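Per-entry structural report
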Amino acid sequence: MKLIKAAAFFTVAASALLAINAGAADKLNDAQIAHIAYTAGDIDVKAAEFALTRAHSPAVKSFAQDMVRDHKAVNDKALALVKKLNVTPEDNDTSKALVKSAETKRAELEKLSGAAFDQAYAENEVNYHKTVNGALDKTLIPSASNGELKSLLETGLKIFKGHEQHAEHVLKELQK
Amino acid sequence: MRPRAYVASGLALASVVLAGVALAGGGAGGVIRVTVGDLTFSPASITAKPGDTIEWVNGDFIDHTATDEAAHFDIVMAPGETQRVKLQEPGIITYICRYHPNMTGRIEVK
Ligand SMILES: [Cu+2]
């Protein structure tokens, strides 16, 4: 039952990014793209920081540490880049929807503990990275006009694909 | 006491050579550089001699590690950092990045 609920919340989270995959994003400018990417990373940092207070399995804990470390590094890079390009990140419907769905997901995860938490967190990490990576690949990267932003997003995608596989591996281990 | 097989050292430290570890051909040894970039070790597979030093240079903006799966060394590289390990014994070493387990490397020491 709990897992079904977690899956339902994920659907909410995914819908925001799926919306941009569906083409609503042709109008996204670099300031919005940067903000979406930054927001997506920040959400994962916060989810990981929460997981570190709640996770039970050492593999889940070290995965969460990896998420904090990498997403912070990518976001620091993104902040430095927008500053350099003199771009002011712009809040937009996609970033707002991402934040909203992350809050919903957090509320769900807060009700869980122990192995149920580990499982739900790892599952969400798989799905979340899948969705964000799809959005980067199909929409955000192709839509970015500045070369440096595009290249940072590409590097981010490479890192996040690794996270997706890492999360899948952690989840598989938990299910053993 | 078994001699330690590997000696890890930061860039700032001078290479450490363990006294008493006699190895064939273990003179000064060369330095083999492995670039860490775009989440890959390059070259991923190298052949070295006992006494050689492996030098990892992290060109990414995220942290990586080079972690021997047999637990002889586990070094962490911040962005831009260089870390070294001196090889003392023949053998095959497989290593990964603990933070990104997809990153793998292999060293054949012979
Ligand atoms: Cu790594």
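Refer to the preceding data block for the structure.
Sequence order as written defines the numbering, with residues in each chain counted from 1. A letter from A marks each chain and a number from 1 marks each ligand, given out in the order of writing. In view of the model being predicted, local features appear only for residues whose pLDDT reaches at least 70, and side-chain atom pairs are presented and counted only at 80 or more, with totals across whole chains, interfaces and linings using the full set of residues. Heavy atoms from the whole structure form the basis of all side-chain values; hydrogens and water molecules are not counted.

1. Describing the overall build of chain A
The way it works is that DSSP assigns letters per residue, a run of H or I at least four long becomes a helix, a run of E at least two long becomes a strand, and they are numbered from the N terminus. Tallying secondary structure elements over chain A gives six helices and zero strands in all. Along chain A, helices (α) and strands (β) appear in the sequence α-α-α-α-α-α when read from the amino end. Excluding contacts between residues fewer than 6 apart, the proportion of contacts in chain A whose partners are at least 24 apart in sequence is 82%. Each accessible area is a Shrake-Rupley estimate made with a 1.4 Å probe; only the visible protein chains count as cover when residues are assessed. Carbon together with sulfur atoms contributes 56% to the accessible area of chain A, which is approximately 8400 Å² in total. Any two residues whose heavy atoms approach within 4.5 Å at even a single point are treated as in contact.

2. Regarding the coordination of the copper ion
Within the first shell, the copper ion binds the protein through H64 of chain B (ND1), C97 of chain B (SG) and H100 of chain B (ND1), at distances of 1.9 to 2.2 Å. Every donor residue of the copper ion comes from the same chain, spaced as H-x32-C-x2-H. Distances up to 2.8 Å from the metal define which N, O and S atoms are donors, and 3.2 Å serves for Na, K and Ca; water is absent from the atom set, so sites may look incomplete.

3. Quick look at the interface of chain B and chain A
Contacts between the two partners involve 10 residues from chain B and, on the opposite side, 13 residues from chain A. Summed over both partners, buried area is the accessible surface (1.4 Å probe) that two parts give up on being assembled. Summing both partners gives a buried area of about 1000 Å² for chain B against chain A, and 62% of it is carried by carbon and sulfur. In the sections that follow, a salt bridge refers to a side-chain nitrogen of Lys or Arg positioned within 4 Å of a carboxyl oxygen of Asp or Glu. Where chain B touches chain A, the interface holds one salt bridge. Measuring nitrogen to oxygen at the nearest pair gives 3.1 Å for the salt bridge that ties K158 of chain A to D38 of chain B. In this count, Pro and Cys sit with the nonpolar residues alongside Ala, Val, Leu, Ile, Met, Phe, Trp and Tyr, while Asp, Glu, Lys and Arg are called charged and the others, Gly among them, polar. Looking at side-chain class alone, the side of chain B that touches chain A contains five nonpolar, two polar and three charged residues.

4. Quick notes on the environment of A48 of chain B
Residue and element names in this part refer to chain B. Among the structural elements, A48 can be located in strand β4 (residues 45–48). For the pair A48 and K110, spaced 62 residues apart in sequence, the C-alpha separation works out to 6.4 Å. Beyond its immediate sequence surroundings of up to four residues, A48 is in contact with I32, I54, L87, I107, E108, V109 and K110.

5. Side note on the packing of aromatic side chains
Working definition: rings of Phe, Tyr and Trp (its six-membered ring) pair if their centres are within 6.5 Å, and the pair is stacked with planes under 30 degrees apart, edge-to-face with planes over 60 apart, and tilted otherwise. As enumerated under the stated definition, the model contains seven aromatic pairs over all chains in all. Note on F117 of chain A and Y121 of chain A: the rings are 6.0 Å apart at their centroids and 5 degrees apart in plane angle, and the pair reads as stacked. You can see F117 of chain A and its partner Y121 of chain A sitting in helix α5 (residues 114–143), four residues apart, about one turn around the helix. Per residue, the accessibility class of F117 of chain A equals that of Y121 of chain A, and both read buried. On the numbers, 4.8 Å between centres and 65 degrees between planes, the contact of F41 of chain B with Y95 of chain B is edge-to-face. Residue F41 of chain B is found in strand β3 (residues 40–42), and its partner Y95 of chain B is found in strand β9 (residues 91–96); the two are separated by 54 residues along the sequence. Looking at F41 of chain B, the relative accessible area reads 4%, which means it is buried. Directly above the aromatic system of Y99 of chain B lies the positively charged group of R69 of chain A, at a separation of 3.3 Å from the ring centroid. Between buried and exposed lies partly exposed: a residue is buried under 20% and exposed over 50% of the maximum accessible area for its type, with that area taken using a 1.4 Å probe on protein chains only. Whether a charge sits over a ring depends on NZ of Lys or CZ of Arg being within 6 Å of the ring centre and within 35 degrees of the ring normal.

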